[in-house]
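Residue strings, one per chain:
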Amino acid sequence: MTGFDAASAAVQAALDAGARYADARVMHRRYESMSARNGDIEELTQDESIGLGVRALVGSSWGFHAAPELSDAAARDAGRRAAAIATASARVPGPPIDLVAVEATVASWASACDVDPLGVPLTDKGDLLVRATATMREHGADLAEGLYQIWDTTKWFVSSEGHRIDQRIRECGGGISATSIGDGETQRRSYPSYRGQYGTTGWELVTSLDLAAHAARIAEESRELLTAPECPSGETDVILGGEQLALQIHESVGHAIELDRILGWEAAFAGTSWLDLSRLGTLRYGSELMNVTIDPTIPGALGSFGFDDEGSPAVRRDAVREGRWVGVLAGRDSAAVAGLDHGGSVRADGWARLPMVRMTNVGLEPGPHTLDEIVAATDDGVLMDINRSWSIDDKRLNFQFGCEVGWEVKKGRRGRMLRNPTYTGIGPVFWRSMDMLSSEIVPWGTPNCGKGQPGQTGHTGHPAAPARFRNVRVGVRA
């Protein structure tokens, strides 16, 4: 059967079994990754999977079932089982669930891709990692590592409302890191990020990173950090590099505005949210420089798509406008419960997983400054970049982050390197202290966002640029 045939058979079987709504996704995914260590290839992984996932809505309850084959019998059985699970769940009365209206769409969509990443010879990709890690070793790294990852996913989606959508999404990225070991001290430097940079694009993204050209620098910086002075403790101005600010957005904004967390539907793995829907539109989340969008339409960003896994089209929306909280990440059911008129942020990490509210591209709009201007305007502070560790409470409120590297900023000049820089704060207090923001936006990709039970790994994007925050506590000690 074709993907559409299997999905259509599953949906019809769910309806015949009593569902008032049903949808089905067939997903075919190919994955490849390679890692190198100290000038040698360490591991190559290649796998492929295809299957069908069906949702059925009965009363106020969802049922979900997945099947690893696409025969007519298997598809219809999956639809019946999904409806049976929903029916069993509906025996416990709950509030009625409606779905926000979405126009039934027949469409095809594909992400832009100049160079098919799976078509690049393995020898070429391996040579890139070998060359970069060998260079890091030559320049003093005790442990030199590099990796790339590739996902090539095709989806066929059918709903009982008339959706019939196919999408092909190609994603890839990679990075390198150098670790140096000293007397009671271990330091790491990474490029371009602690896990690399990723996007919904082709191999041209990895080529543009020019990993080998940065290998010597990060190896030397990792060794320099071993003897650099410790980040001081106290309160000071903090300038965060764009990569670190992307993680700050992910943890203290992106997860907090997920509507299933706000409603209390999702409490596993990473908790709920401190936000209260009654304050949507009025809560002061940050300074007037804080403009955060939910935008799955950004070309090449990792959280981009044509349609989510409920068939809702990709649409740009505001999450925070001039510091005020105005929007959420939602699905059709959670939006209806909250009295909102849109979903569009529901995805699953594979055919065998139930779709849930996930971040798309959640990030900042550009500010009016440059990094050089921010440094020049700072009399006393610390510039921190590239994430090393993160910790945030289960309401996404109190946080502590560590970065790989810091630099002292005195009288408008970047000075000596600092090791083990950390900072801590409370989300809205921290964001309200942002008084300078760069225009140098990069859509950082995060391919390892965990959520749900059973756990799912989401791919998210976070446009971010360097920014300054006033009177932040730094140098937190254990």
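So, here is what we can say about the structure in this document. (Residues numbered from 1 in each chain as written. Predicted model: local features only at pLDDT ≥ 70, side-chain atom pairs only at ≥ 80, totals over all residues. Heavy atoms only, no water.)

**Considering the overall build of the protein chain**
Then, in step 1: When helices and strands are counted, the protein chain shows ten helices and 23 strands.
Then, in step 2: The C-alpha atoms of the protein chain give 23 Å as radius of gyration, which agrees with the globular expectation for 478 residues (23 Å, within 12%).
Then, in step 3: Across the 478 residues of the protein chain, 58% fall into the buried class.
Then, in step 4: Contacts spanning at least 24 positions in sequence make up 75% of the contacts within the protein chain whose residues lie at least 6 apart.
Then, in step 5: Surface exposure of the protein chain reaches about 18,400 Å², of which carbon and sulfur atoms provide 49%. (Helix = DSSP H or I, 4+ residues; strand = E, 2+ residues; numbered from the N terminus. Rg over C-alpha atoms; globule rule 2.2 N^0.38 Å. Buried < 20%, exposed > 50% of the residue type's maximum accessible area, 1.4 Å probe, protein only. Contact = heavy atoms within 4.5 Å. Areas by Shrake-Rupley, 256 points an atom, 1.4 Å probe, with all protein chains shown as cover.)

**Focus on the sheet that holds strand E15 (residues 362-364)**
Then, in step 1: Judged by pairing direction, the sheet is antiparallel, and its four strands sit side by side in the order E12-E11-E10-E15 without closing on themselves. Of all strands in the sheet, those bounded by a partner on one side alone are strand E12 (324-325) and E15.
Then, in step 2: Inspection of the sheet shows strand E11 (residues 317-321) paired to E12 by two bridges, in the antiparallel sense. Note that in E12 the partner of Arg-321 across the bridge is Arg-324.
Then, in step 3: In this fold helix H6 (residues 242-254) packs onto strand E10 (292-294) and E15, with an angle of close to 125 degrees to the strand it touches most, E15. (Pairing = 2+ DSSP bridges. Axes fitted to C-alpha atoms, helices over the stretch in contact; angles between N-to-C directions.)

**So, the environment of Ala-338**
Then, in step 1: For Ala-338, the location among the structural elements is in helix H8 (residues 332-338).
Then, in step 2: For Ala-338, a relative accessible area of 24% puts it in the partly exposed group.
Then, in step 3: Residues Ala-338 and Asp-260, spaced 78 residues apart in sequence, show a C-alpha to C-alpha distance of 10.0 Å.

**Observations concerning the pairing of strand E23 (residues 467-474)**
Then, in step 1: Bridge count for strand E9 (residues 234-240) against E23 is six bridges, and the pairing is antiparallel. Bridge pairing in E23 places Glu-235 opposite Arg-473.
Then, in step 2: Here two bridges tie strand E19 (residues 422-426) to E23, and the two strands are oriented antiparallel to one another. Counterpart to Tyr-423 in the pairing with E23 is Val-474.

**Details of the packing of aromatic side chains**
Then, in step 1: Tallied over the full model, the rule gives 14 aromatic pairs.
Then, in step 2: Chaining the aromatic ring pairs together yields one cluster made of Phe-399, Phe-401, Tyr-423, Phe-430, Trp-431 and Phe-469.
Then, in step 3: Here Arg-414 stacks its cationic end above the ring of Trp-407, 4.7 Å away from the centre of that ring. (Phe/Tyr/Trp six-rings, centres within 6.5 Å; stacked < 30°, edge-to-face > 60°. Lys NZ or Arg CZ within 6 Å of the ring centre and 35° of its normal.)

**Here's the deal with the pattern of salt bridges**
Pairing between side chains of opposite charge can happen when the charged atoms of each approach one another.
Then, in step 1: If you walk through the whole model with that rule in mind, you get 33 salt bridges.
Then, in step 2: In this structure, Asp-309 engages Lys-155 in a salt bridge whose closest nitrogen and oxygen atoms are separated by 2.9 Å. Within this pair, whereas Asp-309 is found in the loop between E10 and E11, its partner Lys-155 is found in strand E5 (residues 143-159), the two being separated by 154 residues in sequence.
Then, in step 3: For Asp-309, a relative accessible area of 2% translates into the label buried.
Then, in step 4: Glu-230 is paired through a salt bridge with Arg-419; the nearest N and O atoms lie 2.8 Å apart. On the criterion of sequence distance, the pair formed by Glu-230 in the loop between helix H5 (211-227) and E9 and Arg-419 in the loop between strand E18 (413-418) and E19 is long-range, its members being 189 residues apart.
Then, in step 5: Classification of Glu-230 as partly exposed rests on a relative accessible area of 30%.
Then, in step 6: Connected through salt bridges with shared partners, the residues Arg-188, Arg-189, Arg-217, Glu-221 and Glu-404 form a single ionic network. (Salt bridge = Lys/Arg side-chain N within 4 Å of Asp/Glu carboxyl O.)

**Things to note about the state of the cysteines**
What is meant by a disulfide is a covalent connection between two cysteines, made through their sulfur atoms.
Then, in step 1: Tallying each qualifying case throughout the model produces zero disulfides.
Then, in step 2: Looking at the unpaired Cys-113, the closest cysteine sulfur is the one in Cys-172, lying at 7.3 Å.
Then, in step 3: Under the relative-accessibility criterion, Cys-113 is labelled buried at 18%.
Then, in step 4: For Cys-172, a relative accessible area of 0% corresponds to the buried category. (Disulfide = S-S within 2.5 Å.)

In short, geometric facts, not functional conclusions.
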